[in-house]
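Here is how the chains run, residue by residue.
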Amino acid sequence: MSKNLSELSGRKGIEESLFDKMGQLAQERGTPSVEELDQLADEFLIGKANTFGTATFYDFLKPENQGKRAYVCNGTACVCAGTQDKVTKQLEKHLQPSEIGHMTCLGRCHENAAFNYNGKNFSGKALENLDQIIGKETELNSDTYHVKSGANEILTNPFSEVDQYYAPFIDALTKDSKSVLEEIKISNVRGRGGAGFPMGLKLEFCRNTENATKFIICNADEGDPGAYSDRYLLEQRPHSVLFGMLIAGYVTHASYGILYIRAEYPESIQIVQDAIDALKEKGLIGRNIQGTEFSFEFKIIQAQGSYICGEETALINSIEGQRPEVRVRPPFPAQQGLFNKPTIVNNVETLAALHHIISNGGSAWKAIGTERSSGTKLVSLDSFFNKPGIYEVDMGTPLATVFNEFGGGFKSEVKAVQIGGPLGGLVPAHKIDALTLDFESFANEGFLLGHASVVCVPQDFPIIQFIEHLFDFASYESCGKCFPCRLGTKRGQEMASQAMNSDYKIDRELFHDLLTTLEEGSLCAHGGGIPLPVRNALEYFDDELKQYFNS
Amino acid sequence: MKTAYINNEPHEIKDGETMLAFIKRFKGEKHVPTLCDAPNLDPFGACRVCSVAVALEEDGKTKTMASCHSPVAEGQYIYTDTASVKKLRKNIVELVLTDHPLDCLTCEVNGNCELQDVAAQVGIRDVRYPAGANHLHYTKDMSHPYMTSDLSKCINCYRCVRACDEVQGEFVLSMSGRGFDSKIIKGSDNTFMDSDCVSCGACAQACPTSAISDVFQSKSVVESEVTRTICTYCGVGCNLDVSTSSGEILSIQAPYDAEVNQGHTCLKGRYAFKFYDHPERLDSPMIKRNGTFEKVSWEEVYTYIADKLGTFKKEFGPDSIAGISSARCTNEENYLMQKFIRAVIGTNNIDGCARVCHSPTALGMQQTFGTGAATNSIDDLKDTNCIMVIGANPTDAHPVTGAKLKQFAMKTGNVSIVIDPRRTEIARYATHHIPLRPGTNVAVLNMMMYYIITEGLADESFIGSRTEGFDEYKKEILAIDLDQIEGICGVDRNIIKEAAIAYAAAPNAMSFHGLGVTEHSQGTFTVMQIADLALLTGNIGRRGVGVNPLRGQNNVQGSADMGVQPHQGAGYMDITKPEVNLQYNKFYGVEVPSAIGYKIPEMFDAALEGKLKALWVIGEDIVQTDPNTQKVIKALNNTDLVIVQELFMTETAKQADVVLPGASFLEKSGTFTNGERRVQAVRQVVEPVVGAKVDGQIIVDIMNKMGYAQPDYDAKSMLDEINQIVPFFAGITWDRLGKNGLQWPVAKDGTDTQILHKEEFKIGKGQFIFNNWRETEELVEHAKDYPYILTTNRELEHYNCGAMTRRTGNELILKDDYLMINPEDAKEHMIKDGEFVCIESPRGKVDVKARITDEVKSGILSTTFHFPDIMINNLTGDIHDSEAKCPEYKVVAVRIRKSKGKYKTLAEA
Ligand SMILES: Cc1cc2nc3c(=O)[nH]c(=O)nc-3n(C[C@H](O)[C@H](O)[C@H](O)COP(=O)(O)O)c2cc1C
Ligand code: SF4
Ligand code: SF4
Ligand code: SF4
Ligand code: SF4
Ligand code: FES
């Protein structure tokens, strides 16, 4: 992180975003030219190394991305489903191998066989109709998944229409913003992006930091392979997210809302933009909304392919056009975030919860779920379930209920499920009954609720390969700033790969040292989190794994 | 008292400090190992080697935290060497070594490598990982005369990137790629030579290994001694740690504990030292006989000089002799030179190069404040809200201060105002840039004051209690003609108004000015206005405010302080006053004259009139750097005895009758006074090259030869003499100077002064003195025939006449002088980038290569003057500041055309 770069990027404001400009420059050829990057550097009074360094970080900006026309999903769910070799083969019939790249999770974990072509996502049966897709305008990019709620239909509640939906916001504007914040605190809604931090406290922290400029960022980078609940909200309930951002802005005195949406969700970007336009038309955003003191503008920033950009400080650097390397904390974003101004970063789903809280009061939310994990939670189930989809359940619902009653059970035998993304725990099949869906139950059993995506590991999938895949992902997506993760994830991947492919045996002590080094030493939860599923694997699949170790 | 515990021992914590800083205070620098932390950089948290275990109660449950960026909190129990943190550190370093060449013994920094030290400290024995991917195949970058890189040794600590950003503010370095593949890049993955690197060396000094280094291998540890001294290249006065081995200089690093430069330098200070033993150094006194120089002994030359001077003195009177002392030399040497001229020769014909740069500053500030020196210190930047930079390009001319000003200007909350015809580096970042036509400073500043007064932003209470003459002044200001000013300066009045309001509204505002203020026909008046602007807004007498001239040469402040001026003796005392002279007479033991002597331009005039018989010039290339070259040469030729004391055979030395080989700053001791009145110890690093002598000793020898008893040159005893006669040096002794020097005035007890004019001015009240704008004669007379305005500027890589810097690697970075020309003007004359342009002024013409840039506006040209091949001063004229006689280098009426003849072919070569 560079304070100077934050300031210089901030001079132009969010409307003239450096990162946005780089994205636009990449559109034609898949990567901006060096001359264009030099020019941008000059325009922003920064170094040529800065724009070049940033561009080379991202999958969809780096020089190797030049000329790519299609991307095959290599997310965990698609890998476990074993559909992707075929996708590549089929695409190669129509495209040069050099025109095919990778994307990590298109949010089509429920159908798999996912790929992106010409800016659209396809999955499932689409592969069989490549003739109608390649080189054509097509509607075959749609997908279907189940959506259902348990006792409380809140996040999945059907959308009425704009005026009615935003009435509680108009109403809130007549109230003291402090009392509005109070309701959020009462609800005890905790962050859905993974860490579970109480939203009310974060908002209060930001509110109490004096500054004329503040930002609300919606973290819509949903990078966890296997997760598509944010995608669901963005595409099916975009107003719930925008509503939440408006409220967050009102209680913190922020007047800019930024949605950082991953490039792998092209449809989401369009739908959210339409929703913002609708608000503009209704005069629900802009200067002095409804004649009040409150002003608010939205801006969508399209991400460019990097998992670490989901981490909030990397995300902030990304928006600034800096290299998205993780920042040290303190200062926390709520004190010094985007362009060094106080900034709130919340997950899509966290923000979506505010409509219910503001409409019905904090205690209505608090009444749902468990003592410490209040409200409902979206769970995304992948295609190993009979009924893959998005399910809204009360916190505290037994995991078995989610899997069997909502998901309809597994299609075929599954030996483990990874819940909460690549950094989430690896739950062996026999532990499913021990868990209820809330932060505490998972933590107590040595797992992590995270964003609550569920990816199944089929019976015939070697766990050593799963470990290798995790390390490979962690290494590929490491920002590279801190030593343990930059080097350690690579060494982990190499050890697993060598053990899998040769008679090399992993030194058990060294392997544990590596995991401890990552856990204790990493700057962020990326390097710090990857040992959890690996340790789960070592604990629960020792029989299968011990042949790869030396003792 | 707030406490936290280190290994269960209670210690007091400071607000806002990190755990690492806390631990270092009590356990020493190296107690906790680190790899990515550096003394002058913000905490970054990359290596994690600084991890410690932290509990909330004694021996409680601990959490591992990186100490470098975690703030320490009251009641914390920090454990610095638990088994688990020790193991963690070792395991991290082991990972680092999986991607690092294991050839320490042949590495340039062997024995002085932080990775090596930390590996030893954490007790690494072997690397247990199987062979894997690595970056050992990266090749070296040896493209640059100074900077080198060997990224196979890089540990990705980002210290270089951060140094280039946080210290130098240049953004040359970054990473490319991500994760394991991330790699340090220069520019868009170029070589150092092809990048925008300004060779400050901050990255090389910051790098813990030899991954980024320099050709001098500054971090290597040959058996060497380190001497701390002061840079000779500009008025910033950076402290340098010079490494030597058996009397040879190996390299230079910047000490982190230097108050002036905190571990930073520019390329001149750090790398441009190889002139010192350059084969072209003068190695013997020489006397010109029949047009050729003959080497002679010191004895012979001393006798020759003493005889001649004695004869002239007797035959034509003492006023037929004059001396030009050097702002490159020490205070002690300058003191001696003026003493020689006054006490031994008996004339006040002593002047220095301050004449051609900051004489208007001294004069202007003396008239308004009573003291002709910077009111504040550079460190005050930490406490200011607004900087105003007028006629200065500090990133090139005062690079270390320039870097600090740029850091200031980059921060959005700060206000920065740049008044300069050129869009300088600082101007690019400034909040307000006023690109005025050269020669209109007075007009623009008057307009600023007009707006400050009419907007009600004048500080009435300060004006009332601490100043005089405001009512009259205000009347004059309110009567200025805004339409006329807008017309002549060529800047929209609203831009000027906004800047004026910003300056006046800032709680604390500091101004900085350079030669773009002084080298004008209205130079002194401009300085007075800058001072009055500070008075008008109450920006005087506390931290973060004031008027701060960026003094050009390293000791230009000191040479004036020491009396190298024809109208004031050592300590600025007025030699025309009998009671003052009485003091000098008593002190020097002889009678000194009371008539004001010649200023430099007057010396030339006197020479041309045949009145000047002898001129002794020390360390200044007046032929190349003074205006109107041909006239200077004529004047020298018309002087019977020209003595030039120099390091090299400069253009001036070539015109001399006697040449004396002097010593460089690395070869002598003494003091330099920097632009913030800081007197710092210059310590001899090596003996003078064979044949050369310390300049002070040469003067002493001649004094003795001419019958005045003066003890041998020695910094300590010289200071003991100076502190008796110069009031503001009263408490300065060699031993008191310590590492960071003292800022004058220094009281007898050694107390020094960071801020001047706190309670009152030396002359009681600050003076408001109005002066209206007047067009320079240069343009009145010549603008019609010579429609372009040429102004002069300096480049980072070279120092003035370039005699020193051109004999270092800097030559390879910047090889020529060049002319900046706006694209429109270039187009009109069909001049392409890199082609030669013939510039013609009423005095002469020269051909210079064009650099097409919108840094200058249409109608304005700007050029450097570091290279003798071009001799830009063939163009400059005879116009001087009306008060201080500083030449007007900044406004020359010229016309241009594309060059013909040999220059056409040169450009194509
Ligand atoms: C490696 C990594 C990736 C992350 N990815 C995401 C993400 O894709 N979406 C998200 O909302 N939060 C993600 N987070 C968590 C964010 O850093 C942050 O905690 C979150 O956006 C805060 O919002 P919340 O409090 O509403 O959960 C990630 C964290 C890490 C360490
Ligand atoms: S843990 Fe990995 S992703 Fe996180 S800061 Fe360190 S290198 Fe970057
Ligand atoms: S030498 Fe200075 S300018 Fe050049 S890369 Fe290093 S820090 Fe940056
Ligand atoms: S070049 Fe040196 S300072 Fe820069 S990252 Fe590498 S090891 Fe660190
Ligand atoms: S800034 Fe000035 S004093 Fe400092 S190193 Fe450069 S030339 Fe020398
Ligand atoms: S010194 Fe703390 S992480 Fe490197």
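Residues numbered from 1 in each chain as written. Chains lettered and ligands numbered in written order. Predicted model: local features only at pLDDT ≥ 70, side-chain atom pairs only at ≥ 80, totals over all residues.

## Focus on the site of ligand 5
Residues and elements named next belong to chain B. C231, Y233, C234, C238 and G269 are the nearest of the 14 residues found near ligand 5. For the shell around ligand 5, the elements supplying multiple residues, two or more each, are α6 (267–271) and α11 (399–410). Its residues placed into classes, the shell around ligand 5 shows eight nonpolar, five polar and one charged. The two domains that each donate at least three residues to the shell around ligand 5 are domain 2 (129–277) and domain 4 (375–549). (Near = placed C-beta within 6 Å. Helix = DSSP H or I, 4+ residues; strand = E, 2+ residues; numbered from the N terminus. Nonpolar A, V, L, I, M, F, W, Y, C, P; charged D, E, K, R; others polar. Domains from an automatic or database assignment.)

## A closer look at the sheet that holds strand β2 (residues 100–103) of chain A
Whenever strands of a sheet pair, they do so through backbone hydrogen bonds, lying parallel or antiparallel. Residues and elements named next belong to chain A. Read from one edge of the open sheet, four strands run β2-β1-β3-β4, paired in mixed fashion. Across the chains shown, the open sheet's two edge strands, defined by having one partner strand only, are β2 and β4 (120–122). Strand after strand, the sheet turns through a mean of 30 degrees between neighbouring axes, direction not considered. Sheet topology note: the strand β1 (residues 70–73)/β2 ladder contains four bridges and is parallel. Residue pairing in the sheet places C73 in a bridge with M103 of β2. (Pairing = 2+ DSSP bridges. Axes fitted to C-alpha atoms, helices over the stretch in contact; angles between N-to-C directions.)

## Some points on the packing of helix α8 (residues 162–173) of chain A against helix α12 (residues 238–252) of chain A
Residue and element names in this part refer to chain A. Where α8 contacts α12, the axes come no closer than 11 Å and their chain directions differ by 10 degrees. Classed by the angle they form, the pair α8 and α12 counts as roughly parallel. Between α8, through V162, Y165, Y166, F169, A172 and L173, and α12, the contact on the second element is made entirely by H239, F243, L246, I247 and Y250. In the contact of α8 with α12, the residues fall into ten nonpolar, one polar and no charged. (Parallel < 35°, antiparallel > 145°, perpendicular 65-115°, else oblique. Contact = placed C-beta atoms within 7 Å.)

## What about the site of ligand 1?
All names here are of chain A. For ligand 1, the set of nearby residues contains 21 residues, the closest of which are G191, G193, G310, N347 and T350. Its residues assigned to classes, the shell around ligand 1 comprises six nonpolar, ten polar and five charged. Mapped onto the domain boundaries, the shell around ligand 1 takes at least three residues apiece from domain 2 (148–366) and domain 4 (463–548).

## Brief notes about the interface of chain B and chain A
Contacts between the two partners involve 48 residues from chain B and, on the opposite side, 47 residues from chain A. Of all the secondary-structure elements, those providing two or more residues to the side of chain B that touches chain A are α2 (83–97), β8 (173–176), β9 (183–186) and α12 (425–429) of chain B. Take the side of chain B that touches chain A: its biggest share by element is five residues, from α2 of chain B.

## A closer look at the environment of H31 of chain B
Residue and element names in this part refer to chain B. Along the chain, H31 falls in the loop between α1 (19–27) and β3 (51–55). The class of H31 is partly exposed, set by 15 C-beta atoms lying within 10 Å. Put simply, H31 and T80 are 49 residues apart on the chain and 8.1 Å apart in space, counted from C-alpha to C-alpha. Beyond its immediate sequence surroundings of up to four residues, H31 is in contact with I23, K24 and T80. (Buried ≥ 20, exposed ≤ 12 C-beta atoms within 10 Å, placed from the backbone.)

## Looking at the domain arrangement of chain A
How big an interface is tends to be stated in terms of accessible area lost as the parts join. The domain boundaries assigned to chain A delineate domain 1 (70–144), domain 2 (148–366), domain 3 (376–458) and domain 4 (463–548). A C-alpha centroid distance of 29 Å is found between domain 1 of chain A and domain 4 of chain A.

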